[in-house]
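Read off the chains here:
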Amino acid sequence: MRVVSSKDEMRRACRESSRPLSLVPTMGALHDGHLSLVDRARSDSSTVAVSIFVNPTQFGEGEDFTEYPRDLDADLELLQRHGTDLVFVPDVAEVYPPGFDTWVDVGPIADRLEGAARPGHFRGVATVVAKLFGIVQPDRAYFGQKDGQQTVVVRKLARDLDMGIEVVVLPTVRESDGLAMSSRNVRLNPEQRNAAAAVYRALAAGMNLWSSGEADASKVRDAVRQELEAEPLLEVVDYVSVASPDSLEELDRAGRGAMLSTAVHLGPIRLIDNVIME
Ligand SMILES: Nc1ncnc2c1ncn2[C@@H]1O[C@H](COP(=O)(O)OP(=O)(O)OP(=O)(O)O)[C@@H](O)[C@H]1O
Ligand SMILES: CC(C)(CO)[C@@H](O)C(=O)[O-]
Ligand code: BAL
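Per an unreviewed UniProt entry, the chain goes by the name Pantoate--beta-alanine ligase and belongs to Geodia barretti. Of the comments in the UniProt record for the chain, the one headed Function (unreviewed entry) reads "Catalyzes the condensation of pantoate with beta-alanine in an ATP-dependent reaction via a pantoyl-adenylate intermediate."

Structural data, given as structure tokens:
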């Protein structure tokens, strides 16, 4: 496994690698969710590249960029064990050198849901993903359904800018109580960690109502909200949404393929999760 921090060296290493080459972009502090992406990339490709970069431009003022969990040594050990060929670990100045001034804006889908709660977030995500795609030039790139809106943004970015990269989205890996794995979960104390299970429980309640024949999206949203509000440690619910999987616009009727999603604040972190109605 080769660990590279310079863009030029990474570009060269990728050009010299055998194809197909797959990229798994991450912000590190790796868990089984990330490793499911690496494992699938490994079985699909000849070369597996993983990037680890906590991208400052997708964090807003007052968000947790500084507190975001980081553990490079543990990450490298896991990646080695999972058969990674190339790891890209640039620093901020390497990715955003002085004079950097070009931004990727994917349009209105970036302003809804997570974009409304975190203004500018998807401009930062789309820009860094476009840069990673440009440096690595992978055949495929792997993303998790946990960041549901991000998968829509990245698919659109790759399509609109004719990048010729296949975007592969894999299911959310969950803890035994349903909590979606996330690097930020390590910041929860034991009580908060228990309370966090309410997020998936609430989405499951919404799904159950829909599966039993209730197609009115506002009733599905109410069922989710009621379950979230029953957990006193979940202080703020940013949104509960039943949205079209392409435009991410809110739906009146909850149909097959719609994304049921939520974001809540719990102790020091914000949790997001979603399920696709099928
Ligand atoms: N539980 C999970 N199951 C599947 N994929 C996941 C999971 N968690 C993260 N991923 C995916 O891994 C990639 C890198 O995500 P990232 O490094 O931000 O991890 P994270 O755990 O989502 O962190 P955080 O939730 O704290 O932002 C993204 O494509 C993300 O969707
Ligand atoms: C895609 C990504 C690596 C871009 O910084 C990040 O948003 C993430 O880890 O989901
Ligand atoms: N996985 C999403 C990265 C973020 O929260 O900024």
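J.: Would you mind showing me how to read the site of ligand 1 here?
T.: Surveying the vicinity of ligand 1 reveals 17 residues, the closest of which are Gly 33, Gly 144, Met 181, Ser 182 and Arg 184. For the shell around ligand 1, the elements supplying multiple residues, two or more each, are helix 2 (32–44) and strand 5 (140–144). The biggest single contributor to the shell around ligand 1 is helix 2, with four residues.

J.: Explain the nonpolar core to me, please; I cannot follow it from the model alone.
T.: A general tendency of soluble globular proteins is for nonpolar side chains to be buried together. Formed by 70 residues in total, the largest nonpolar core has its most connected members in Ala 49, Val 153 and Val 199. Among the elements that make up this core, the one with the highest residue count is helix 6 (residues 121–136) (nine residues). Counting residues domain by domain, this core receives three or more from each of domain 1 (2–170) and domain 2 (183–273). If sequence neighbours within four positions are ignored, Val 153 has contacts with Val 106, Ile 109, Ala 110, Phe 122, Val 125 and Ala 126.

J.: Could you clarify how one ought to interpret the environment of Arg 123 in this entry?
T.: Along the chain, Arg 123 turns up in helix 6. When the 18 C-beta atoms within 10 Å are taken as the criterion, Arg 123 is described as partly exposed. Here the alpha-carbon distance between Arg 123 and Asp 160, two residues 37 residues apart in the chain, equals 15 Å. Discounting chain neighbours no more than four positions away, the residues touching Arg 123 are Trp 103, Val 104, Asp 105 and Ala 110.

J.: So what exactly am I meant to see when it comes to the domain arrangement of the chain here?
T.: Splitting the chain by domain gives domain 1 (2–170) and domain 2 (183–273). Between the C-alpha centres of domain 1 and domain 2 there is a distance of 26 Å. Opposite the 13 residues of domain 1 that make contact, domain 2 presents 15 residues. Those elements that place two or more of their residues in the side of domain 1 that touches domain 2 are helix 5 (114–117) and helix 7 (148–160). Here the side of domain 1 that touches domain 2 takes three residues from helix 7, the largest share from any one element. When grouped by side-chain class, the residues that make up the side of domain 1 that touches domain 2 number seven nonpolar, three polar and three charged.

J.: Can you walk me through the pairing of strand 5 in this structure?
T.: Sheet faces and side chains relate simply in a regular strand, where the side chains alternate between the two faces. Within strand 5, four of the five residues are buried, which leaves the element mostly enclosed by the surrounding structure. Alignment of strand 2 (residues 21–26) against strand 5, held across two bridges, turns out to be parallel. In the sheet register, Ser 22 faces strand 5, and the bridge partner there is Arg 140. Strand direction decides the pairing type here: strand 5 and strand 6 (residues 166–170), joined by five bridges, are parallel. Bridge pairing links Gly 144 to Leu 170 in strand 6.

J.: Hey, could you run me through the environment of Ala 198 in this one?
T.: Tracing the chain through its elements places Ala 198 in helix 9 (residues 197–211). Ala 198 sits in the buried class, given 24 other C-beta atoms within 10 Å. Between the C-alpha atoms of Ala 198 and Leu 76, which are 122 residues apart in sequence, the distance is 32 Å. In contact with Ala 198, other than residues within four places in its own chain, are Glu 227, Leu 228, Glu 231 and Leu 234.

J.: Help me understand helix 7, please; the structure alone is not making it clear to me.
T.: Side chains three or four residues apart in an α-helix point the same way, a direct result of the helix having 3.6 residues per turn. With 13 residues, helix 7 should cover 18 Å at 1.5 Å per step; its first-to-last C-alpha distance of 19 Å lies within 8% of that length. Tucked into the core, helix 7 has its buried residues touching helix 5, helix 6, strand 5, strand 6, strand 8 (259–266) and strand 9 (269–276). Of the residues trailing helix 7, Asp 162 is marked for its positive phi of about 50°.

J.: So what exactly am I meant to see when it comes to the sheet that holds strand 8 here?
T.: Remark on secondary structure: sheet strands pair via backbone hydrogen bonds, oriented parallel or antiparallel. Strand order in the open sheet made by the three strands is 7-8-9, with antiparallel pairing throughout. Edge strands, defined here as strands with exactly one partner in the open sheet, are strand 7 (234–243) and strand 9. Across the sheet, the mean angle separating the axes of adjacent strands is 15° when strand polarity is ignored. Of the pairings in the sheet, the one linking strand 8 to strand 9 comprises eight bridges and is antiparallel in character. Each residue of the ladder has a partner; that of Ser 261, found in strand 9, is Asn 274. The sheet strands contacting helix 9 are strand 7, strand 8 and strand 9, and the helix crosses strand 8 at an angle near 155°.

Rules of the game
Residues numbered from 1 in each chain as written. Chains lettered and ligands numbered in written order. Predicted model: local features only at pLDDT ≥ 70, side-chain atom pairs only at ≥ 80, totals over all residues. UniProt positions renumbered as here; feature names shortened; annotations may be inferred. Near = placed C-beta within 6 Å. Helix = DSSP H or I, 4+ residues; strand = E, 2+ residues; numbered from the N terminus. Core = buried A, V, L, I, M, F, W, Y, C linked by C-beta atoms within 7 Å. Buried ≥ 20, exposed ≤ 12 C-beta atoms within 10 Å, placed from the backbone. Domains from an automatic or database assignment. Contact = placed C-beta atoms within 7 Å. Nonpolar A, V, L, I, M, F, W, Y, C, P; charged D, E, K, R; others polar. Pairing = 2+ DSSP bridges. Expected span 1.5 Å × (residues − 1). Axes fitted to C-alpha atoms, helices over the stretch in contact; angles between N-to-C directions.

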